[in-house]
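In case you want the letters, here they are:
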Amino acid sequence: CQTPRLMYVQAVELLNRETAGWDCQMALFPEFALEHPPQCTEQGELSFNNVGLLAMANFAKRRGIYIVLGSVEERSLDSRAYDTCLVLNPQGEIALKYRKMSPVGNKHAGTEPGLFETEEGLVGVLMGAEVEEEVRWAPLLARQPCLVLNPTRAPMQMD
């Protein structure tokens, strides 16, 4: 059993409920946690023309937090597909578009390590099983991040 995928409206409601009253600086969604319907998301373009991303960015700005979208499908202008980790900063801007460097299936590979700057220091991102690949760690560790995130998807624990 896997965690269900959320629509962007549900994700904002979840963030609102779970961060209310807390001194939360960052919210992290696991990979593939969000449904990314093409009719709402400019056919996979990761920009603020995408209504869902705009809602998430507005929430990040309103709460003054980072939001890490573990993995959403991105379609580039040349129609290439990527698994992309998107980070929104407390100003509601896109702080990082990290394209997974070890893609699965018909996705294309990214070429740049996932790093973004915060008030606390540099933060790195490795997606899914990339965390087990030594070659993916070297470019991150060379920059000395204070934290490395791995927004992986995991089965729910059943009692």
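Look above for the structure.
Novice: Honestly, the nonpolar core in this entry has me stumped. Any pointers?
Specialist: Most often, soluble globular proteins keep nonpolar side chains buried together rather than apart. With 21 residues, the main nonpolar core has Leu15, Phe29, Leu34, Met56, Ile67 and Leu69 as its most contacted residues. Those elements giving two or more residues to this core turn out to be α1 (8–19), β1 (26–31), α2 (51–63), β2 (66–75) and β3 (81–88). Ranked by the residues each element gives to this core, the list is headed by α2, at five residues. Judged by nonpolar contacts, the second largest core, of 12 residues, contains Tyr66, Cys85, Tyr98 and Met127.

Novice: Would you take a moment to explain α1 for this structure?
Specialist: Because an α-helix packs 3.6 residues into every turn, residues spaced three or four apart end up facing the same way. Given a rise of 1.5 Å per residue, 12 residues ought to cover 16 Å, and the 16 Å separating the end C-alpha atoms of α1 matches this to within 8%. Looking at the buried residues of α1, the elements they touch are β1, α2 and β2. Phi turns positive, to about 80 degrees, at glycine 21, one or two residues after α1.

Novice: What's the story with the side chain of threonine 84 in this structure? I'm lost.
Specialist: In this structure, threonine 84 sits in strand β3. On the basis of relative accessible area, threonine 84 is assigned to the buried category, the value being 0%. In terms of polar contacts, threonine 84 uses its side chain to reach the side chain of glutamate 74, at 2.7 Å. With sequence-adjacent residues up to four places away left out, threonine 84 is seen in contact with Leu46, Leu69, Gly70, Ser71, Val72, Glu74, Lys97, Tyr98, Arg99 and Met127.

Novice: Explain the packing of α1 against α2 here, please?
Specialist: Helix packing for two helices is described by the angle between their axes and how far apart those axes are. Put simply, α1 and α2 touch, their axes get as near as 9 Å, and they point 15 degrees apart. Taken together, the axes of α1 and α2 lie roughly parallel to each other. Along this stretch, α1 crosses α2, giving a crossing that reads as right-handed. Residues Tyr8, Ala11, Val12, Leu15, Asn16 and Thr19 of α1 form the contact with α2, whose participating residues are Gly52, Leu53, Ala55, Met56, Phe59 and Arg63. Residues belonging to the contact of α1 with α2 are distributed by class as follows: eight nonpolar, three polar and one charged.

Novice: Looking at this structure, how should I read the sheet that holds β2?
Specialist: Where strands meet in a sheet, backbone hydrogen bonds hold them as pairs that are either parallel or antiparallel. Within the open sheet, the four strands sit side by side as β1-β2-β3-β4. Their pairing is mixed. The outermost strands of the open sheet, each flanked by one partner alone, are β1 and β4 (94–99). Each strand of the sheet is rotated relative to its neighbour by a mean of 25 degrees, with strand direction disregarded. Bridging between β1 and β2 involves five bridges; their strand directions are parallel.

Parameters at a glance
- Residues numbered from 1 in each chain as written.
- Predicted model: local features only at pLDDT ≥ 70, side-chain atom pairs only at ≥ 80, totals over all residues.
- Heavy atoms only, no water.
- Core = buried A, V, L, I, M, F, W, Y, C linked by side-chain atoms within 4.5 Å.
- Buried < 20%, exposed > 50% of the residue type's maximum accessible area, 1.4 Å probe, protein only.
- Helix = DSSP H or I, 4+ residues; strand = E, 2+ residues; numbered from the N terminus.
- Expected span 1.5 Å × (residues − 1).
- Contact = heavy atoms within 4.5 Å.
- Polar contact = N/O pair within 3.5 Å; in protein donor to acceptor, adjacent residues only side chain to side chain.
- Axes fitted to C-alpha atoms, helices over the stretch in contact; angles between N-to-C directions.
- Parallel < 35°, antiparallel > 145°, perpendicular 65-115°, else oblique.
- Left-handed = near helix turned anticlockwise from the far one by under 90°.
- Nonpolar A, V, L, I, M, F, W, Y, C, P; charged D, E, K, R; others polar.
- Pairing = 2+ DSSP bridges.

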